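Residue-level listing of the chains:
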Amino acid sequence: MSKKLVIKVTAGADSPERCSQAFTVAAVAVASGVDVSLWLTGESAWFALPGRAAAFELPHSAPLPDLIESILAGGRITLCTQCAARRDITEKDVLDGVRIAGAQVFVQEAMADGTQALVY
């Protein structure tokens, strides 16, 4: 059975340490061979847009664009449907490789056998 990790990040620039921790854990898990699904919700939804991660800064942390690139290289990033709609973000607006999906898909992923779910 392969290892699976679903991470929901609710924080963005409003809580930079919590936000950075989520992306860092996701990137490290991908690098470790874990099947990772990172969900962007709340203020982290903005990081689904091109260029937004480049404006994020946190001392002593990896650059957010690099973490996103690492996650997309071996895992999945999903933007919450409702969070996208509240911010007028559509599928044509997001980074290549980012999908938009809702709670049903999140629950399905989080409840799959052999899956650990984390929320930041």
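So, how was this worked out
- Residues numbered from 1 in each chain as written.
- Predicted model: local features only at pLDDT ≥ 70, side-chain atom pairs only at ≥ 80, totals over all residues.
- Heavy atoms only, no water.
- Helix = DSSP H or I, 4+ residues; strand = E, 2+ residues; numbered from the N terminus.
- Buried < 20%, exposed > 50% of the residue type's maximum accessible area, 1.4 Å probe, protein only.
- Pairing = 2+ DSSP bridges.
- Axes fitted to C-alpha atoms, helices over the stretch in contact; angles between N-to-C directions.
- Contact = heavy atoms within 4.5 Å.
- Core = buried A, V, L, I, M, F, W, Y, C linked by side-chain atoms within 4.5 Å.
- Polar contact = N/O pair within 3.5 Å; in protein donor to acceptor, adjacent residues only side chain to side chain.
- Arc of directions from axis to C-beta.

J.: For the environment of Gln82, give the residues involved together with the corresponding values.
T.: For Gln82, the location among the structural elements is in helix H3 (residues 81-86). When its relative accessible area of 52% is taken as the criterion, Gln82 is described as exposed. Residues Gln82 and Gly102 lie 20 residues apart in sequence; the distance between their C-alpha atoms is 7.1 Å.

J.: Please set out the sheet that holds strand E1 (residues 4-9) residue by residue, giving values where relevant.
T.: If you trace the five strands from one edge of the open sheet to the other, you get E4-E3-E2-E1-E5, paired in parallel fashion. Unpaired on one side and paired on the other, strand E4 (98-101) and strand E5 (115-119) mark the two borders of the sheet. Along the sheet, successive strands turn relative to each other by an average axial angle of 25 degrees, direction set aside. Seen against the sheet, helix H2 (residues 64-74) touches strand E2 (35-40), strand E3 (76-80) and E4 and runs at an angle of roughly 110 degrees to E3.

J.: An account of the nonpolar core is needed here, citing residue identities and associated values.
T.: Phe23, Leu38, Leu40, Phe47, Leu64 and Leu79 are the most contacted members of the largest nonpolar core, which totals 35 residues. Looking at this core, the elements with two or more residues in it are E1, helix H1 (16-31), E2, H2, E3, H3 and E4. Sort the elements by how many residues they give to this core and H1 lands first, with seven residues. Among residues more than four places away in sequence, those in contact with Phe23 are Val9, Leu38, Leu40, Phe47, Leu64, Leu67, Ile68 and Ile71. With five residues, the next largest nonpolar core counts Val6, Trp39, Phe106 and Ala110 among its residues.

J.: Can you explain the side chain of Glu109? Please cite residues and give values.
T.: Secondary-structure assignment places Glu109 in helix H4 (residues 103-110). Glu109 gets classed as buried once you look at its relative accessible area, which sits at 15%. Side-chain polar atoms of Glu109 contact the side chain of Trp39, separated by 3.0 Å. When neighbours within four sequence positions are excluded, Glu109 is seen to be in contact with Val6, Ser37, Trp39, Arg76, Arg99 and Thr115.

J.: Any chance you could break down H2 for me, citing the residues and the numbers?
T.: Residues three or four positions apart in an α-helix share a direction because the helix packs 3.6 residues into each turn. Among the residues of H2, those classed as buried are Leu64, Leu67, Ile68 and Ile71. For H2, the arc enclosing every buried residue in end-on projection is 100 degrees, short of the 170-degree limit, so these residues lie on one face. In H2, the exposed positions that point more than 90 degrees away from the buried face belong to Glu69 and Ala73. Those residues of H2 hidden inside the fold are in contact with H1, E2 and E3.

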